[in-house]
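A look at the structure
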Amino acid sequence: MYQEVIARYLQSHGYTFFSLSAVLFDMDGVLFNSMPYHAQAWHLVMERHGLHLSDEEAYLHEGRTGADTINILYNRQFGKKAPQKLIQKIYAEKTAEFHTHPDPEAMPGAALLLRQIKDDKLIRMVVTGSGQKSLLKRLSTAYPRMFNRELMVTAFDVHRGKPHPEPYLKALEKAGLQPNEAIVVENAPLGVRAAVAAGIFTIAVNTGPIDPQLLMDEGANMVFPSMKSLSESWLDLHTAFGEHQIIT
Ligand code: MG
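Calculation rules
Residues numbered from 1 in each chain as written. Predicted model: local features only at pLDDT ≥ 70, side-chain atom pairs only at ≥ 80, totals over all residues. Heavy atoms only, no water. Phe/Tyr/Trp six-rings, centres within 6.5 Å; stacked < 30°, edge-to-face > 60°. Helix = DSSP H or I, 4+ residues; strand = E, 2+ residues; numbered from the N terminus. Buried < 20%, exposed > 50% of the residue type's maximum accessible area, 1.4 Å probe, protein only. Donors = N, O, S within 2.8 Å, 3.2 Å for Na, K, Ca; no water. Core = buried A, V, L, I, M, F, W, Y, C linked by side-chain atoms within 4.5 Å. Contact = heavy atoms within 4.5 Å. Salt bridge = Lys/Arg side-chain N within 4 Å of Asp/Glu carboxyl O. Pairing = 2+ DSSP bridges. Right-handed = clockwise from strand over helix to strand, strands pointing away.

On to the packing of aromatic side chains. Throughout the structure, instances matching the rule amount to twelve aromatic pairs. Considering the side-chain rings of Phe 18 and Phe 241, the 4.7 Å spacing of their centres and the 55° angle between planes classify their relative orientation as tilted. Of this pair, Phe 18 sits in the loop between helix 1 (2-13) and strand 1 (22-25) while Phe 241 is found in helix 11 (residues 227-242), placing the two residues 223 residues apart along the sequence. Each member of the pair, Phe 18 as well as Phe 241, is classed as buried. The interplanar angle of 40° and the centroid separation of 6.3 Å between the aromatic rings of Trp 42 and Tyr 91 together place this pair among those described as tilted. One end of the pair, Trp 42, is in helix 2 (residues 35-48); the other, Tyr 91, is in helix 5 (residues 84-98), and 49 residues separate them in sequence. With relative accessibility at 39%, the residue Tyr 91 sits in the partly exposed group. Through successive ring pairs, a cluster of aromatic residues spans Tyr 9, Tyr 15, Phe 18, Phe 201 and Phe 241.

In structure tokens:
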């Protein structure tokens, strides 16, 4: 089944082979179980300002910049652009609310998956819209020796965030890779959209409460219910990619 999905990807992108060298990981909702905190913080702070955003809907906006999320919500309710000052105020409050929570836990299954990928001598990269300063520290504490700063794309590296493909294109550029040399692991519909638009084989992990069909609708090549299940399937999956190194 994996072989068929990979073959379909190659055919639709005009490639004759897959040569897997790198795995590109989104961070929130993939490496850290941080989305419940983000969703709750968004919901609470938006309500404080008379804007309605349920926890569930917050998951659908994951990946957007804070300003874009606020603007979309404001426009939906008031039919005009949000004032710049209000955007800054809401975003500052949301960040403060997020930080009232303890540091998010490492996502169950992620460490084991990374270990396997490292043993397979594949490059590990992080591609996130996050601009949190504590990011590098958290990554190196939770996943020691798995990532290095040169092979990381954060909010500081790009002009346009997800769902624009720029973060993923930037990751390929940083590592000197073609799209058929990498795969992406994403949890959010807009993150999947960005990766797919960059032309990369995209594995969705549905770690939140959303309908998995939403991830398929954005073009995900596969959907797994958790990082743990992806980790358990990794051996078979990696083997399937290996079988597509040469197609005659
Ligand atoms: Mg995410």
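The subject of this paragraph is the coordination of the magnesium ion. Distances from the magnesium ion to its protein donors, Asp 26 (OD), Asp 28 (O), Glu 62 (OE) and Asn 187 (OD1), fall at 2.0 to 2.2 Å. Spacing between the donor residues of the magnesium ion along the chain follows D-x1-D-x33-E-x124-N. Linking Asp 28 in the loop between strand 1 and helix 2 with Glu 62 in the loop between helix 3 (55-61) and helix 4 (66-78), this pair joins segments that are 34 residues apart in sequence. The burial state of Asp 28 is the same as that of Glu 62; both residues are buried.

Here we come to the nonpolar core. Ranked by internal contacts, the top residues of the largest apolar core, which has 39 residues, are Phe 25, Leu 31, Leu 139, Phe 147, Phe 201 and Met 227. Going through the elements one at a time, helix 1, strand 1, helix 6 (110-119), helix 7 (135-142), strand 4 (182-186), strand 5 (201-205), strand 6 (222-224) and helix 11 are the ones with two or more residues in this core. When residues no more than four places from it in sequence are discounted, the contact partners of Phe 201 are Val 5, Ile 6, Tyr 9, Phe 18, Ala 182, Ile 183, Val 184, Asn 221, Met 222 and Phe 241. Counting 20 residues, the second largest nonpolar core, distinct from the first, contains Met 46, Leu 53, Ala 82 and Leu 215.

This part covers the pattern of salt bridges. In this structure the tally under the stated criterion is eleven salt bridges. Salt-bridge contacts for Asp 157 lead to Arg 149; the nearest nitrogen and oxygen are separated by 3.8 Å. A salt bridge links Lys 162 to Glu 186; its shortest N-O distance comes to 2.8 Å. Placement of Lys 162 in the loop between strand 3 (152-153) and helix 8 (166-175) and of Glu 186 in strand 4 is noted, with a sequence separation of 24 residues between them. Across the pair, Glu 186 and Lys 162 agree in class, each one buried.

Okay, helix 8 next. Inspection of helix 8 places Glu 166, Pro 167, Tyr 168, Ala 171 and Leu 172 among the buried residues, and these make up the whole buried set. In this fold, the buried residues of helix 8 make contact with strand 1, strand 2 (123-127), strand 3, strand 4 and helix 9 (189-197). One or two residues past the end of helix 8 sits Gly 176, with phi positive at roughly 65°.

To continue, consider the pairing of strand 2. Along any regular strand the residues' side chains alternate between the sheet's two faces. Extensive coverage of strand 2 is indicated by the burial of four of its five residues. Bridge count between strand 1 and strand 2: four bridges; the pairing is parallel. Residue pairing across strands places Ala 22 opposite Ile 123, the latter belonging to strand 2. Looking at chain direction, strand 2 and strand 3 are connected through two bridges and run parallel. Bridged to Val 126 within strand 3 is Met 152. Tracing the backbone out of strand 2, into helix 7 and back to the parallel element strand 3 gives a crossover that is right-handed.

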